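A closer look at the structure
The residues making up each chain are set out below.
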Amino acid sequence: MSPAGPPNGRLAIFPGSFDPLTNGHVDIVLRSTQLFERVLIAVLVNQDKQPLFNATERATIIREVFREYPNVEVDTFEGLLVDYARQRRASAIVRGLRAVSDFEYEFQMALMNRHLEPTLETVFMMPAEQYTYLSSRLIKEVFRLGGEVRGLVPPVVEDWMRKKQKT
Ligand code: PNS
């Protein structure tokens, strides 16, 4: 049992960098709300030297995207995910699996997280097929090179990307 007491079985954490949030992420969040009463999107304050958006901006954008979903919460976190999950008394980590190529990294992370906190389960979800090729890295590259990202990210994200481009 974790020091913070029994986990809240209805809370799932969906952690990630979300730089930026894609429609693939949105798909996974919406699927998660079918399984869990509350979903907490946890934005990693990461060490990436040149993020498109800082963690506060990413959290603000994601809050805007899910503003009509009272069961979806957004927060930032630093340090170990399992420590944050323990603090929030979550019982599950949700991660999206797009392709076999994601598997090895995700498998390693899931088992390491289980080693660190055996009561925390990782649940993998598959996004809709049309999002299996989507990644934040590719979105940034396509956008930077003048490509169209409409339909790949929520309109709110696209607006923020355009604003960012002008600054
Ligand atoms: O979307 P990403 O960048 O693939 O998400 C990776 C993330 C945030 C889930 C992972 O890097 C993470 O949990 N970082 C927090 C530090 C940590 O707990 N590391 C050990 C993971 S086994």
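Provided above is the structure to which this section pertains.
Residues numbered from 1 in each chain as written. Predicted model: local features only at pLDDT ≥ 70, side-chain atom pairs only at ≥ 80, totals over all residues. Heavy atoms only, no water.

Moving on, we get to the pattern of salt bridges. The final tally for this structure, using the stated rule, is 14 salt bridges. Its salt-bridge partner being Arg31, residue Asp27 comes within 2.5 Å of it at the nearest N-O pair. Separated by four residues within a single helix, Asp27 and Arg31 lie in helix α1 (residues 23-35), roughly one turn from each other. Residue Asp27 is classed as buried on the basis of its relative accessible area of 12%. (Salt bridge = Lys/Arg side-chain N within 4 Å of Asp/Glu carboxyl O. Helix = DSSP H or I, 4+ residues; strand = E, 2+ residues; numbered from the N terminus. Buried < 20%, exposed > 50% of the residue type's maximum accessible area, 1.4 Å probe, protein only.)

Now for the site of the ligand. Within the structure, the ligand sits among 13 residues, and Ser17, Gly79, Leu80, Leu81 and Arg95 are positioned closest to it. Separating an oxygen atom of the ligand from a side-chain N or O atom of Ser17 is a distance of 2.6 Å. One nitrogen or oxygen atom from the main chain of Leu81 is found 2.8 Å from an oxygen atom belonging to the ligand. Isolated, the ligand exposes 540 Å² of accessible area, and the fraction of that covered by the protein chains is 74%. Breaking the shell around the ligand down by element, the ones donating at least two residues are β1 (8-16) and α4 (100-116). The element contributing the most residues to the shell around the ligand is α4, with four residues. Tallied by class, residues from the shell around the ligand come to eight nonpolar, four polar and one charged. (Near = heavy atom within 4 Å. Polar contact = N/O pair within 3.5 Å; in protein donor to acceptor, adjacent residues only side chain to side chain. Areas by Shrake-Rupley, 256 points an atom, 1.4 Å probe, with all protein chains shown as cover. Nonpolar A, V, L, I, M, F, W, Y, C, P; charged D, E, K, R; others polar.)

The next subject is helix α2 (residues 55-65). For α2, the full list of buried residues reads Ala55, Arg58, Ala59, Ile61, Ile62 and Val65. What you see down the axis of α2 is that its buried residues fit within an arc of 160 degrees, all on one side. Close packing links the buried residues of α2 with α1, β2 (38-44), β3 (72-77) and α6 (155-166). The N-terminus of α2 is capped by Asn54, whose side-chain oxygen sits 3.0 Å from the backbone nitrogen of Thr56. (Arc of directions from axis to C-beta. Contact = heavy atoms within 4.5 Å.)

Bringing the pairing of strand β5 (residues 121-125) into the picture now. Both strand β4 (residues 90-96) and β5 contribute to a ladder of five bridges, which runs parallel. When the bridges of β5 are listed, Gly96 appears paired with Met125. As for the winding sense of the linkage, the β-α-β connection from β4 through α4 to β5 is right-handed. (Pairing = 2+ DSSP bridges. Right-handed = clockwise from strand over helix to strand, strands pointing away.)

Turning next to the pairing of β3. Relative to β3, β2 runs parallel, the two sharing six bridges. Paired with Ala42 across the two strands is Asp75, which belongs to β3. Read as a crossover between parallel neighbours, the route from β2 over α2 to β3 is right-handed.

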